[in-house]
Amino acid sequence: MRWIGLLAVLLGWSVLAQAQSLDTVQVPVDGRGEAQRQDALAQGLEQMLVRLSGQRDVLDESVASEAATQLDRWVTRYDYSTLEDGRSALQARYDVNGLMAFMADRGASVWSMPRSRVLLWLVDQGAGRGEMVVEDHPLYAHLIAEAQRRGLTLVIPEWDNQDQERLNVADVRGRFDQQLHDASSRYPHELIAAAVLYQGEPATVNWRVLKDKTVLEEGREKAANSEDAVTALIDNVTDQLAERYGVKGEMTDLRTLLVVDEVDQLQDWFALQQFLGGLSGMRRASLEQVSATTLTFRLDFSASDEQLRNLLELSPRLQACPDAVVSGPQWHYCWR
């Protein structure tokens, strides 16, 4: 039918929009000559490899050196700009899809779309009662730059009267998760990160990442100063999420049938197809059968069942049906 064709077009646009959010790197340069340009493009490629794998140690793997020998293959566009401090910078765009396919073919971990939106409640304890790191905070620009460097999709709260009626900084320190979830409900997100930064020598940041009411990861990082502590926070949260949701592809003939009940609207069908088709390691998600409000997809996934389950949990609406067995060749989920 005609709307199925429209659905395919919309899916393509959405995936492209997600890819474009990761494809551009800005590197300061000392000049605009050939040597400086090639050096900046090589630095940009390293940043891209870290973003797309989610892991810093990807630069120690052979895929990084091999990709560097084909630098011109990956750069799709570049231009120069002037930074706020007056320095020149080269802004380069890279072929995200080509790089991800290249990395996957060589067995490197790939953390592709969709990426979880992480709602970050970061308290700077300082010397007083503490304050939330939001747009007008001195650490905000550094926080955003570090998230962009690692390809972490952050959502920063407004911290307006509505937020403060539901949550205070002591709730974040005290791990009062009900208040945290109440305040988070107004923001689009898949995961919540709660962190407290303690200034000093060294500076320390305690952090947790929550999915619904489950703590997925947590840690405590020390650094020389507050900015370095923010960098450590972003690096460690990103490392953990990429470890959980990134996929190191393996050739396999296994296929999974995913049966999803309660999909009763076109926009739900669209959202589900978009979600499944964009998962890391998903070679193909084909619709096999439609019966009333039940859709059956055949998933050609390149890694383990555990990795697939971890990725499916990223959808806030896709949940294992009560008493369903999520193992073997057929998994039964419900759309909420």
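Please refer to the structure higher up on the page.
Basis of the calculations
Residues numbered from 1 in each chain as written. Predicted model: local features only at pLDDT ≥ 70, side-chain atom pairs only at ≥ 80, totals over all residues. Heavy atoms only, no water. Pairing = 2+ DSSP bridges. Helix = DSSP H or I, 4+ residues; strand = E, 2+ residues; numbered from the N terminus. Core = buried A, V, L, I, M, F, W, Y, C linked by side-chain atoms within 4.5 Å. Buried < 20%, exposed > 50% of the residue type's maximum accessible area, 1.4 Å probe, protein only. Axes fitted to C-alpha atoms, helices over the stretch in contact; angles between N-to-C directions. Contact = heavy atoms within 4.5 Å.

Considerations on the pairing of strand E13 (residues 282-291)
In step 1: The sheet contact formed by E13 and strand E14 (residues 294-301) spans eight bridges and is antiparallel. Within E14, the residue paired with Met 282 across the bridge is Phe 301.
In step 2: Taking the residues that link successive antiparallel strands as the turn, the E13-E14 hairpin has two residues, and the phi of Ala 292 there is positive, at about 55°.

A short note on the nonpolar core
In step 1: The biggest cluster of nonpolar side chains holds 70 residues, and the ones touching the most others in it are Trp 121, Leu 276 and Leu 312.
In step 2: By size, the runner-up hydrophobic cluster in this structure holds 29 residues, among which are Ala 40, Val 58, Ala 92 and Ala 108.

Overview of the sheet that holds E13
In step 1: In space, the five strands of this open sheet follow the order E13-E14-E12-E16-E15, with mixed pairing throughout. Each of the sheet's edge strands pairs with one partner strand only, and the pair in question is E13 and strand E15 (318-320). In this sheet, neighbouring strand axes are inclined to one another by 30° on average, regardless of whether the strands run parallel or antiparallel.
In step 2: Note: strand E12 (residues 256-261) against strand E16 (residues 330-335), five bridges, orientation parallel. Bridging from a neighbouring strand, Asp 261 pairs with Cys 334 of E16.
In step 3: Against the sheet, helix H11 (residues 266-277) engages E12, E13, E14, E15 and E16, with an angle of about 150° to E13.

Concerning the sheet that holds strand E3 (residues 88-94)
Within a sheet, each strand pairs with its neighbour through backbone hydrogen bonds, oriented either parallel or antiparallel.
In step 1: The strand order E1-E3-E2 describes an open sheet built from three strands, whose pairing is antiparallel. One side of each edge strand has no neighbouring strand; the edge strands of this open sheet are strand E1 (24-29) and strand E2 (75-82). Taken over all neighbouring pairs, the strand axes of this sheet differ in orientation by 25° on average, direction set aside.
In step 2: In this sheet, E3 lies alongside E1 in antiparallel orientation, the contact comprising six bridges. Bridging across to E3, Val 25 finds its partner in Ala 92.
In step 3: Sitting on the sheet, helix H2 (residues 34-53) is in contact with E1, E2 and E3, with an inclination near 140° to E1.

As for the pairing of E3
In step 1: Note: E2 against E3, seven bridges, orientation antiparallel. Looking across to E3, one finds that Arg 77 is bridged to Arg 93.
In step 2: Hairpin remark: E2 followed by E3, antiparallel, with five residues in the connecting loop; positive phi at Gly 86, about 95°.

Limitation: the analysis is restricted to geometry and does not speak to function.
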